[in-house]
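Listed below are the residues making up each chain.
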Amino acid sequence: MLINEAYQPINCDDYDNLELACQNNWMLSLEMKDGEQLKAKAKEIFSRKNVEYLAIDLSSEHRELRLDHIASFTHPELGTVVVSAE
């Protein structure tokens, strides 16, 4: 995916579920729109230059995922959440 593509805000409920995951440091199974699959701990949501990101810990690696590049995420407390646009 192009880094410079226009950011598409995600649905508020999906955002709230990601915030809850961060508050509880939950381990999420994430599927990205490019097909990449990750199991990572949700750390925080932040905004940089009008783009929102999810900071995750993947083993000992810190990564930042654009929210609009996440296809879905799963946690036992939430089930599977398919991320949709605002």
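Each remark here, short or long, concerns the structure printed above.
Computed from a prediction, not measured in an experiment: that's the story for all the values here.

The rules behind each value
Residues numbered from 1 in each chain as written. Predicted model: local features only at pLDDT ≥ 70, side-chain atom pairs only at ≥ 80, totals over all residues. Heavy atoms only, no water. Phe/Tyr/Trp six-rings, centres within 6.5 Å; stacked < 30°, edge-to-face > 60°. Buried < 20%, exposed > 50% of the residue type's maximum accessible area, 1.4 Å probe, protein only. Lys NZ or Arg CZ within 6 Å of the ring centre and 35° of its normal. Disulfide = S-S within 2.5 Å. Pairing = 2+ DSSP bridges. Helix = DSSP H or I, 4+ residues; strand = E, 2+ residues; numbered from the N terminus. Axes fitted to C-alpha atoms, helices over the stretch in contact; angles between N-to-C directions. Contact = heavy atoms within 4.5 Å.

Colleague: Lay out the packing of aromatic side chains with the relevant residues and their values.
Modeller: Summed over all chains, the structure comprises 1 aromatic pair. Centre to centre, the rings of Phe46 and Tyr53 are 5.4 Å apart; their planes meet at 15 degrees, and the pair counts as stacked. Take Phe46 and Tyr53: they sit in the same class, and that class is buried. A cation over an aromatic ring shows up here: Arg48 above the ring of Tyr53, its NZ or CZ 5.1 Å from the ring centre.

Colleague: How would you sum up the state of the cysteines? Please name residues and give values.
Modeller: The tally for this structure, following the rule as stated, stands at 0 disulfides. Free cysteine: Cys12, not disulfide-bonded; nearest cysteine sulfur from Cys22 at 16 Å.

Colleague: Lay out the pairing of strand β4 (residues 61-66) with the relevant residues and their values.
Modeller: In this sheet, β4 lies alongside strand β3 (residues 51-58) in antiparallel orientation, the contact comprising 6 bridges. Note that in β4 the partner of Tyr53 across the bridge is Arg66. Taking the residues between adjacent antiparallel strands as the criterion, β3 and β4 are bridged by 2 residues, where Ser59 takes a positive phi near 55 degrees.

Colleague: Help me get a handle on the sheet that holds strand β6 (residues 79-82), residues and values and all.
Modeller: With antiparallel pairing, 6 strands are arranged side by side in an open sheet as β4-β3-β2-β1-β5-β6. Each edge of the sheet is formed by a strand with only one pairing partner; in this case those strands are β4 and β6. Adjacent strand axes in the sheet meet at a mean angle of 40 degrees when their direction is disregarded. Pairing between strand β2 (residues 37-48) and β3: 7 bridges, direction antiparallel. Considered in β3, the bridge of Arg48 is made with Val51. Packed on one face of the sheet, helix α1 (residues 12-23) meets β1 (27-32), β2, β3, β5 (70-75) and β6 and runs near 105 degrees to β2.

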